[in-house]
Amino acid sequence: GQQVMQIPQYQHVQEGEDFTTYCNSSTTLSNIQWYKQRPGGHPVFLIQLVKSGEVKKQKRLTFQFGEAKKNSSLHITATQTTDVGTYFCAGRRNYQLIWGAGTKLIIKP
Amino acid sequence: GAGVSQTPSNKVTEKGKYVELRCDPISGHTALYWYRQSLGQGPEFLIYFQGTGAADDSGLPNDRFFAVRPEGSVSTLKIQRTERGDSAVYLCASSSQAGPNYGYTFGSGTRLTVV
């Protein structure tokens, strides 16, 4: 069945460094959504990408959807402690969202 | 309400018992979803309601799991003969339109522990 693979599982960065997480699907996606989950919290919707090659920005966050609509990435510039959490991508299949396993952003002390 | 409300926030039950988990979605949201999340994993789809009807229940793992939404707002997820493997955080989400073309608003979840 359709799967969404997300890498890396963890990323340790110094505060101020950049962070990137990647998602790849085995099939073409209608759209892809990104969520952030803080430790002990629930997923919070960040953004949805629909068009091939689409790029969207939210302040220090840049989201991309691949030309083939099979991959996506989230890039955070100059991470801050408030960015800590797990970032999930989720791709559409019919009425379901198929979720990646998430990338946990950890700020080194 | 202002957000998606789930009760209880925590539930500890003995193996073999029956449990009910409640979700109160955002007022006016027609689409409601149940997911469950195990530690270190992404949410796993269980069931999707559009209005009162279950539009897609293909994620329910077996017939011990059942969900209802009789009046198109509050939903209850019911688990019979609970097993230790059912332990997880059960998340409810709603959205204002049918289908996942719109971002979900999640509740805080119910942490179910089967001992």
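For clarity, every value in this text was computed on a predicted model and none was experimentally measured.

## Notes on the overall build of chain B
Within chain B, the regular secondary structure consists of zero helices and 11 strands. Ordering the α and β elements of chain B from the N terminus gives β-β-β-β-β-β-β-β-β-β-β. For 115 residues, the compact-globule estimate of 2.2 N^0.38 gives 13 Å, and chain B sits close to it at 13 Å. Viewed in the frame of its principal axes, chain B has a C-alpha envelope of about 35 × 25 × 25 Å. Per-residue burial over chain B gives 46% buried out of 115 residues. For chain B, the computed accessible surface area is about 5300 Å², with 45% contributed by carbon and sulfur atoms. The positive charge centre, built from 11 side chains, and the negative charge centre, built from 10, are 6 Å apart in chain B.

## Topic: the sheet that holds strand S1 (residues 5-7) of chain B
Through backbone hydrogen bonds, the strands of a sheet pair up, either in parallel or in antiparallel fashion. Residue and element names in this part refer to chain B. Ordered in space as S1-S3-S8-S7, the four strands form an open sheet in which the pairing is antiparallel. Each end of this open sheet is capped by a strand with a single partner; those strands are S1 and strand S7 (65-68). Geometrically, the sheet is characterised by an average inter-axis angle of 15 degrees between neighbouring strands, direction not taken into account. Pairing analysis gives four bridges linking S7 to strand S8 (residues 75-79), with the strands arranged antiparallel. Bridging from a neighbouring strand, valine 68 pairs with threonine 76 of S8.

What counts as what
- Residues numbered from 1 in each chain as written.
- Chains lettered and ligands numbered in written order.
- Predicted model: local features only at pLDDT ≥ 70, side-chain atom pairs only at ≥ 80, totals over all residues.
- Heavy atoms only, no water.
- Helix = DSSP H or I, 4+ residues; strand = E, 2+ residues; numbered from the N terminus.
- Rg over C-alpha atoms; globule rule 2.2 N^0.38 Å.
- Buried < 20%, exposed > 50% of the residue type's maximum accessible area, 1.4 Å probe, protein only.
- Areas by Shrake-Rupley, 256 points an atom, 1.4 Å probe, with all protein chains shown as cover.
- Lys, Arg positive; Asp, Glu negative; His and termini not counted.
- Charge placed at Lys NZ, Arg CZ, Asp CG, Glu CD.
- Pairing = 2+ DSSP bridges.
- Axes fitted to C-alpha atoms, helices over the stretch in contact; angles between N-to-C directions.

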